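Chains, contacts and geometry: an overview
Next come the chains, spelled out residue by residue.
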Amino acid sequence: MQQSYKIGRITAAQIDRAYLLVNRIAPKLDLDAWRAFCREILAQKSQAIDRDDIVIAVNPAGYVQGLCSHAVRKHPFHGRILDVSIFVVTSAADEAGIAGSLLDHLKDLARHDACNAIRIWTLGQNDWSRPLRDRQIDQPDHGVLMIPVAA
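Reading guide: rules and limits
- Residues numbered from 1 in each chain as written.
- Predicted model: local features only at pLDDT ≥ 70, side-chain atom pairs only at ≥ 80, totals over all residues.
- Heavy atoms only, no water.
- Helix = DSSP H or I, 4+ residues; strand = E, 2+ residues; numbered from the N terminus.
- Buried < 20%, exposed > 50% of the residue type's maximum accessible area, 1.4 Å probe, protein only.
- Polar contact = N/O pair within 3.5 Å; in protein donor to acceptor, adjacent residues only side chain to side chain.
- Phe/Tyr/Trp six-rings, centres within 6.5 Å; stacked < 30°, edge-to-face > 60°.

Some points on the environment of His 75
Take His 75: it is sitting in strand 3 (residues 64-75). Note on His 75: relative accessible area 10%, which makes it buried. Sequence separation of His 75 and Asn 116 is 41 residues, and the distance between their C-alpha atoms is 9.7 Å. At 3.0 Å, the side chain of His 75 and the backbone nitrogen of Phe 77 are in polar contact.

Focus on the packing of aromatic side chains
According to the stated counting rule, one finds one aromatic pair in the structure shown. Judged by centre distance (5.9 Å) and plane angle (35 degrees), the ring pair of Trp 34 and Phe 37 falls under tilted. Here Phe 37 and Trp 34 lie together in helix 2 (residues 31-43), a separation of three residues that amounts to about one turn. Taking relative accessible area as the criterion, Trp 34 reaches 1% and is therefore assigned buried. For Phe 37, a relative accessible area of 6% corresponds to the buried category.

Structure representation (C-alpha cells):
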C-alpha cells in the first residue's frame with residue numbers, strides 16, 4: 001500500500017519530531033544543537049547559494065518519515081548542483097515510497113534553482129554529527145549518487 005506524503009520545508013513545530021530521524025544517523029548530535037541548526041535555517045529569509053535548508057516527508061498521520069538537508073553549491077564539473085548532505089528515510093512498510101517522494105521533491109527544487117545535477121552524500125562508517133555541527137565534509141567529492149537534472 002503506497003501512502004501519500006506531504007513533502008515540504010521543516011517548520012518550527014516539526015523540529016523535535018524530525019530529531020528522532022536525525023538521531024538515528026547522528027547519535028552524537030544532541031537535541032539542543034539540532035534545534036539551533038534548524039532555527040538558523042528557519043531564520044533565513046531567502047535561499048541563497050551555499051545556504052542549507054531542510055525538507056521533510058510527513059505521512060498522513062503526521063509522523064516525520066523522511067528528511068533531507070540540502071543546499072545549492074558550485075561543483076567543478078557539473079556547475080550548479082543541489083547538494084544533499086543528509087538523506088534519511090524510516091518506515092517499516094514504505095521506504096521506497098518515501099525516498100521516491102523526497103527525490104521527486106529534490107528534483108523539483110533542483111530545476112527551480114537551475115541546477116544541473118543532484119549529489120547525495122554518504123559518510124560510510126562515520127555519522128552525521130560533524131557535518132551538521134561544523135558544516136563541512138573532509139573529502140571533496142565522495143557523494144554516492146549524482147543525478148542529472150533535465151530541464
